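Secondary and tertiary structure notes
Listed below, chain by chain, are the residues.
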Amino acid sequence: MLLLALMTVLAACSPGDPYILKIKKSSVTPTGLTLTVHRTIVPGDWSFGEDFLVERKTDAGWESVPVLDPDMNYAFFVSIGYELFPGLWKTMPIDWSWLYGELPPGRYRIGKTASRGKGESRVTVRAEFEIKE
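Attention here is on the structure that accompanies the text. The shown structure was predicted, so the numbers you read here are calculated from the model rather than taken from an experiment.

Right, let's get into the pairing of strand S2 (residues 32-39). Here S2 lies mainly inside the structure; six of its eight residues are buried. Where strand S1 (residues 19-23) and S2 come together, five bridges link them in antiparallel fashion. Note that in S2 the partner of Ile-20 across the bridge is His-38. Bridge analysis of S2 against strand S7 (residues 89-95) gives seven bridges, and the strand direction is antiparallel. When the sheet's bridge partners are listed, Leu-33 is paired in S7 with Ile-94.

What follows is the structure, encoded as structure tokens:
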């Protein structure tokens, strides 16, 4: 079981990704989850913020979960840059109820964007999870 979980995490990242996302399976609810961001050994000064995105698996592929009110300005994420040394991690509670509401059962993935230097490079890393009935 542990090996299967580890394989799922490793499958969610590419060799050049600066971070790996891990989800505490028991923390997943229709309104949020607990996410651990783990810094890899990829060189460079990489940082990430409070922002995230959620996508749902459909027959057509991965689709962005629609926000509650498309007319609202959702620029409410804290503008902060977390930097981690290789091998370290940061655990973050993620609450998306204000952005997406309660998500129905299904297969999802959460993504976080990492930036290198002063925005020289950007990459989005993702991790999959499931909301059950």
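Glancing now at the pattern of salt bridges. Summed over all chains, the structure comprises four salt bridges. Glu-55 is the partner of Arg-126 in a salt bridge, and the nearest nitrogen-oxygen pair spans 3.0 Å. Placement of the pair is Arg-126 in strand S9 (residues 121-131) and Glu-55 in strand S4 (residues 53-58), with a sequence separation of 71 residues. The partner of Arg-107 in a salt bridge is Glu-130, with the nearest N and O atoms 3.8 Å apart. Highlighted residues: Arg-107 in strand S8 (residues 106-116) and Glu-130 in strand S9, separated in sequence by 23 residues. Here Arg-107 falls in the partly exposed class, since its relative accessible area comes to 32%. Each of the salt bridges in this network shares a partner with another, and the network as a whole consists of Glu-55, Arg-109 and Arg-126.

Calculation rules
- Residues numbered from 1 in each chain as written.
- Predicted model: local features only at pLDDT ≥ 70, side-chain atom pairs only at ≥ 80, totals over all residues.
- Heavy atoms only, no water.
- Buried < 20%, exposed > 50% of the residue type's maximum accessible area, 1.4 Å probe, protein only.
- Helix = DSSP H or I, 4+ residues; strand = E, 2+ residues; numbered from the N terminus.
- Pairing = 2+ DSSP bridges.
- Salt bridge = Lys/Arg side-chain N within 4 Å of Asp/Glu carboxyl O.

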